[in-house]
Amino acid sequence: MSKLPPSIMRLYALPIARQPTSILRTGSSNSPVASQLVYYYARMPKKSKLGADGQPEQPSLLQKGVDFTAKTWTAWGKAEGGWKLKVHNWGESVYERIDFEELALKAIDPTLGPKLKRNSESSHAVSAELKKAVESGQGVTIPLYHSPSALPDPLAHLKNLLSERKPNHRKWMMIWIAVSPLTAPFAIVPIVPNIPFFFCIWRAWSHWRAYRGAKFLTELVEHRALVPTPHVGLEEFYSSVASRQSQASPPPPSPTATGPKSSGDAVVPSKSIPPEPFLLSRPLIPDLLSAIQQEPALPSSPAAPADAPQQDMKKLSGLEPELARAVDQVSLRLSSSTTSH
């Protein structure tokens, strides 16, 4: 038995907290499925640097624009004072407030995912393993890894999330595109670039990418390509968190108990144990990343390359700050919702 090769897409459901149904946002289904706050992490195949003719693939105009913008933004962050540094710091604060669900969907690149139909005209790239399955008429399946105890029905939760997120990102994409022409008067400033215009375009582009990711996942769900798969590492992690939470909680007072308890009977909770209803905290993120590495073995999969663990750990290193941001956002959402109610 061998692990699923890194050239095939995988999706991981990583619950962060259980949101009480009494404080669900408007439009959400009042059900246990909707009450889960989950980060969906997509492990996408590595993009090939070679084109169909075997020659090095030239970046598209869009990719060149994205690369130039990223390079310019990084340079502004290294400026020694001035308006560039101020704009950069302001932009970073705005980025921190973007919903973690949007950022997770943005990270899904449909061009690296599998085709869903034989002879499809879609531009989705097909890995060697999946191409053979498609050409032979077999169905394409992508594992949706989850912890059965923390999230028993990840597919139902994902459907609920996509039904809310997909139209939302399409709506805001159109709104930001419509607003962008109104920023034209700011272009008369000769020295400073038209920051409002670029901000509108950036938000429209961000919502477009999230919409594209949500649309791709919706297609996978509709084609029954996503298969909920229990993940041993995730189950051990979330079971451990639940066990430590129950141990840290003070036991109910016994009706037959008399007299005060001694200090030795008290259970001192660890700082790393997230309080209920949280299932993840910042100190536990490294443990969760290690749990993700314990990928289930599939009997029909070809062997992964020898350097696959190093490649995967490099990818997971970028997931740590995203999970930290998601944990902070969930904490703010629950605290603000609790105080408002």
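Preceding this paragraph is the structure being described.
What counts as what
Residues numbered from 1 in each chain as written. Predicted model: local features only at pLDDT ≥ 70, side-chain atom pairs only at ≥ 80, totals over all residues. Heavy atoms only, no water. Helix = DSSP H or I, 4+ residues; strand = E, 2+ residues; numbered from the N terminus. Buried < 20%, exposed > 50% of the residue type's maximum accessible area, 1.4 Å probe, protein only. Contact = heavy atoms within 4.5 Å. Salt bridge = Lys/Arg side-chain N within 4 Å of Asp/Glu carboxyl O. Axes fitted to C-alpha atoms, helices over the stretch in contact; angles between N-to-C directions. Parallel < 35°, antiparallel > 145°, perpendicular 65-115°, else oblique. Left-handed = near helix turned anticlockwise from the far one by under 90°. Nonpolar A, V, L, I, M, F, W, Y, C, P; charged D, E, K, R; others polar. Pairing = 2+ DSSP bridges.

(A) Summary view of the overall build of the chain. A count of helical and extended segments in the chain gives 9 helices and 6 strands. Taking all 341 residues of the chain together, 39% fall into the buried category. Contacts in the chain between residues far apart in sequence, at least 24 positions, make up 78% of those at least 6 positions apart.

(B) Up close: the pattern of salt bridges. Tallied over the entire structure, the rule returns 9 salt bridges. With its nearest N and O atoms 2.8 Å apart, the salt bridge here joins Arg 333 to Glu 101. With Arg 333 in helix H9 (residues 308-340) and Glu 101 in helix H3 (residues 100-106), the pair connects residues that are 232 residues apart, well separated along the chain. The burial state of Arg 333 is the same as that of Glu 101; both residues are buried. Members of the salt-bridge network, linked through shared partners, are Asp 99, Glu 101, Arg 165 and Arg 333.

(C) Up close: the packing of helix H7 (residues 232-248) against helix H8 (residues 285-293). At their nearest, the axes of H7 and H8 sit 7 Å apart, and the two run at 150° to each other. One way to sum up the angle between H7 and H8 is to call them roughly antiparallel. Here the hand of the crossing between H7 and H8 comes out right-handed. Every residue of H8 that contacts H7 at Gly 233, Leu 234, Phe 237 and Tyr 238 is listed here: Asp 287, Leu 288, Ala 291 and Ile 292. Among the residues forming the contact of H7 with H8, the class breakdown is 6 nonpolar, 1 polar and 1 charged.

(D) View of the environment of Ile 195. Looking at where Ile 195 falls in the secondary structure, it is placed in helix H6 (residues 195-222). When the C-alpha positions of Ile 195 and Val 87 are compared, they lie 8.5 Å apart, and in sequence the two are 108 residues distant. Sequence-distant contacts of Ile 195, defined by excluding residues within four places in its chain, comprise Trp 76 and Val 87.

(E) View of the pairing of strand S2 (residues 10-18). Among the 9 residues in S2, 8 count as buried, and that is most of the element. Here 8 bridges tie S2 to strand S3 (residues 36-43), and the two strands are oriented antiparallel to one another. Bridge pairing in S3 links Arg 18 to Gln 36. Two strands pair when backbone bridges link them, and S2 and strand S4 (residues 142-146) are joined in this way by 2 bridges, in the parallel orientation. Following the sheet pairing, Leu 11 is matched in S4 by Leu 144.

(F) Layout of the packing of helix H5 (residues 154-179) against H6. One way to put it is that H5 packs onto H6 with a least axis distance of 8 Å and a crossing angle of 150°. The angle between the axes of H5 and H6 places the two elements in the roughly antiparallel class. Where H5 crosses over H6, the two elements pack in a sense that is left-handed. Here the contact of H5 with H6 is built from residues that sort into 17 nonpolar, 3 polar and 5 charged.

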